Amino acid sequence: MSFKNLGLSEPLLKAIALQGYKNPTPIQEKSIPEVFAGKDVLASAQTGTGKTAGFTLPLLQILSENPVRKRRPIRVLILTPTRELAAQILANLDQYGKFLDVRSTVIFGGVSANPQITALRKGIDILVATPGRLLDLENQRKLSLHEVDHLVLDEADRMLDMGFLRDIKRVLQLLPKDRQNLLFSATFSKEIKALAGSFLHNPVLVEATPENTTVEKIQQKVYRVDKKKKPQLIIQLIKEGNWQQVLVFTRTKYGANKLADKMGKNGITAVPIHGNKSQNARTKALSDFKKGKVRVLVATDIAARGLDIPLLPHVVNFEIPNVPEDYVHRIGRTGRAGESGEAVSLVSIEEVPLLKDIVKLIGFTPKTEEKEGYESTDVVVPKQKQNNNKPKPQGKSRHGNQANRNKRKKYYGNKSRRN
Ligand code: AMP
């Protein structure tokens, strides 16, 4: 199947060729005809499958073929969970729509609203938005959603994870009833199914290549190592392998800062990217990383979600994620669009149960080894019952010793945090 056979117009084919895309990806082959047919679509697709072009290409064409209305009201609304993803979708719209008279803009929080309001005033066909800023500006009557014909919820699962369900419901109430709905999600929890059922009409189900096919393409390796030796090990792996572009995942913002700092001190340029960083800092970090000005981007899961980093050769799980699906999302940053990549996970004894959950999910055990000089020595000592008189174990429990617990409490308070 070629892009031409999918019925895309010349201006789009030209723009696609400029991007260097040869053939549509499976999700594009499946979703583009359904969007053209005006159907509601429920698509199971994660970042890296080419899903963005799966909805932006046909929507651009539909808009370009329908005359611009007076005052250019918003005709397509694309809701996304994160600012980065929103900015990337806009970048894709600009690339694909290069030869069309379709105007797009993006609005998200964390930056001044004024330039966004100015852009909206000029009249916009496609609006990409995060829910909070969208509702904020709608409230202030800076935009109207009365003429939206097509709604896209991108990475709907992540939007629910981030607590946007109420906002999404409020947005739905502001839209005309008669419209096309497209929902993209990497996973289908009960909540996602309930949300989909609440506003999609007879949706066509579209699935990208099953996740494990993508996962199998990526070379995966596990290093068993003591927790305290992880920073030195990752530094050695990067230096030894001469890795030039590495995305590293940590579980916490504090951990991301600390690791980036340590790498810097060891002569490896690294920047952290997480929810405590300003929008400008995040944009700059990503752009420096893409340009090769910094070698390592240390990210938390939520910050990394949706980042478009093509042809990323190395992904490292400095810590194993709590949710096994996040492992698949993380390593999906490498080996994208058919390229091969390498994903390395550093696993300490406390993380072995989490690794087992991942193995269950992906259906195989990644190659596991120990690096010379970094052999794992920690042991798990079963928790002692309270009120017995035996001496306390010297080793660590699965959750770390009391000193570590106190340390964690000091840094994070009692709440466990993500992003
Ligand atoms: P996405 O899943 O939408 O985030 O896209 C992942 C990456 O694949 C992006 O860098 C796109 O530019 C790229 N991409 C999208 N469609 C194609 C295609 N048909 N051929 C090659 N690369 C593509």
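This one's a predicted model, so the numbers in the text were calculated from it and none came from an experiment. (Residues numbered from 1 in each chain as written. Predicted model: local features only at pLDDT ≥ 70, side-chain atom pairs only at ≥ 80, totals over all residues. Heavy atoms only, no water.)

1. Section: the sheet that holds strand β9 (residues 246-249)
Spatial ordering of the open sheet is given by β10-β11-β9-β12-β13-β8-β14, a layout of 7 strands whose pairing is parallel. The outermost strands of the open sheet, each flanked by one partner alone, are β10 (270-273) and β14 (367-369). Each strand of the sheet is rotated relative to its neighbour by a mean of 20°, with strand direction disregarded. Taken strand by strand, helix α15 (residues 324-331) contacts β8 (219-224), β9, β12 (314-317) and β13 (342-347), and its axis lies near 155° from that of β12. (Pairing = 2+ DSSP bridges. Helix = DSSP H or I, 4+ residues; strand = E, 2+ residues; numbered from the N terminus. Axes fitted to C-alpha atoms, helices over the stretch in contact; angles between N-to-C directions. Contact = heavy atoms within 4.5 Å.)

2. Re the nonpolar core
L8, F55, L57, L60, I78, I126 and L182 are the most contacted members of the largest nonpolar core, which has 39 residues in total. Look past the residues within four positions of I126 in its chain and what remains in contact with it is L60, L63, V76, I78, L93, V102, R103, S104 and T105. Membership of the second largest hydrophobic core comes to 32 residues, among which are I74, L160, F164 and I168. (Core = buried A, V, L, I, M, F, W, Y, C linked by side-chain atoms within 4.5 Å. Buried < 20%, exposed > 50% of the residue type's maximum accessible area, 1.4 Å probe, protein only.)

3. Here we look at the site of the ligand
In the region of the ligand, 14 residues are neighbours, and Y21, Q28, G48, G50 and T52 sit closest. N23 places a main-chain nitrogen or oxygen 2.8 Å from a nitrogen atom of the ligand. When the free accessible area of the ligand is taken as 500 Å², the share hidden by the protein chains comes to 86%. Here the residues of the shell around the ligand are counted per class, giving 4 nonpolar, 8 polar and 2 charged. (Near = heavy atom within 4 Å. Polar contact = N/O pair within 3.5 Å; in protein donor to acceptor, adjacent residues only side chain to side chain. Areas by Shrake-Rupley, 256 points an atom, 1.4 Å probe, with all protein chains shown as cover. Nonpolar A, V, L, I, M, F, W, Y, C, P; charged D, E, K, R; others polar.)

4. Details of the pattern of salt bridges
Scanning the entire structure with this criterion turns up 21 salt bridges. When the shortest N-O distance is used, the salt bridge between E147 and R71 registers 3.7 Å. Taken as a pair, E147 in the loop between α6 (131-139) and β5 (150-153) and R71 in the loop between α3 (51-65) and β2 (76-79) lie far apart in primary sequence, 76 residues in all. Using a relative accessible area of 66% as the deciding quantity, one classes R71 as exposed. Here K230 and E351 are joined by a salt bridge, their closest N and O atoms 2.7 Å apart. (Salt bridge = Lys/Arg side-chain N within 4 Å of Asp/Glu carboxyl O.)

5. Quick notes on helix α2 (residues 26-36)
Within the sequence span of α2, burial applies to I27, Q28, S31, I32, E34 and V35. Positioned one or two residues after α2, G38 has a phi angle of 80°, which is positive.

6. Observations regarding the packing of aromatic side chains
Where two aromatic rings form a pair, the distance of their centres and the angle of their planes describe that pair. Scanning all chains against the criterion turns up 2 aromatic pairs. Ring plane angle 70° and centroid distance 6.1 Å describe the contact between Y21 and Y96, whose orientation is recorded as edge-to-face. With Y21 in the loop between α1 (10-19) and α2 and Y96 in helix α4 (residues 83-96), this residue pair connects regions lying 75 residues apart in the sequence. Residue class for Y96 comes out buried when judged on its relative accessible area of 2%. (Phe/Tyr/Trp six-rings, centres within 6.5 Å; stacked < 30°, edge-to-face > 60°.)

7. What to know about the pairing of strand β6 (residues 180-185)
Walk down a regular strand and you will see the side chains alternate between the two sheet faces. Within β6, 6 of the 6 residues are buried, leaving the element largely enclosed by the surrounding structure. Burial along β6 is two-sided: the face carrying Q180, L182 and F184 and the face carrying N181, L183 and S185 are both buried. For strand β1 (residues 41-44) and β6, the ladder comprises 4 bridges, and the chain directions are parallel. Counterpart to A43 in the pairing with β6 is F184. Where β5 and β6 come together, 4 bridges link them in parallel fashion.

8. Comments concerning the sheet that holds β1
Hydrogen bonds between backbone atoms are what pair the strands of a sheet, whose relative direction is either parallel or antiparallel. Reading across from one edge, β3-β4-β2-β5-β6-β1-β7 is the order of the 7 strands in this open sheet, with parallel pairing throughout. Looking at strand neighbours, the two that pair on one side only are β3 (104-107) and β7 (204-207), the edges of this open sheet. Taking each pair of neighbouring strands and ignoring which way they run, the sheet shows an average axis angle of 15°. Taken strand by strand, α2 contacts β1, β6 and β7, and its axis lies near 160° from that of β7. Here α4 sits on the sheet and contacts β2, β3 and β4 (126-129); the angle it forms with β3, its principal contact strand, is near 175°.

9. Concerning helix α11 (residues 230-241)
Its 12 residues place the ends of α11 16 Å apart at the C-alpha level, agreeing with the 16 Å of an ideal helix rising 1.5 Å per residue. Of all the residues in α11, the buried ones are K230, P231, L233, I234, I235, L237 and I238. Buried residues belonging to α11 abut β8, β9, α12 (253-265), β11 (296-299), β12 and β13. (Expected span 1.5 Å × (residues − 1).)

10. Quick word on the side chain of T56
Its place among the elements puts T56 in helix α3. The exposure class assigned to T56 is buried, which follows from its relative accessible area of 1%.

11. A short note on the confidence of the model for the protein
Looking at the protein, pLDDT values average 86 and 85% of them are 70 or higher. The low-confidence segment residues 385-419, where pLDDT is below 50, has 39 contacts with residues more than four positions distant or belonging to other chains. (pLDDT = per-residue confidence, 0-100.)

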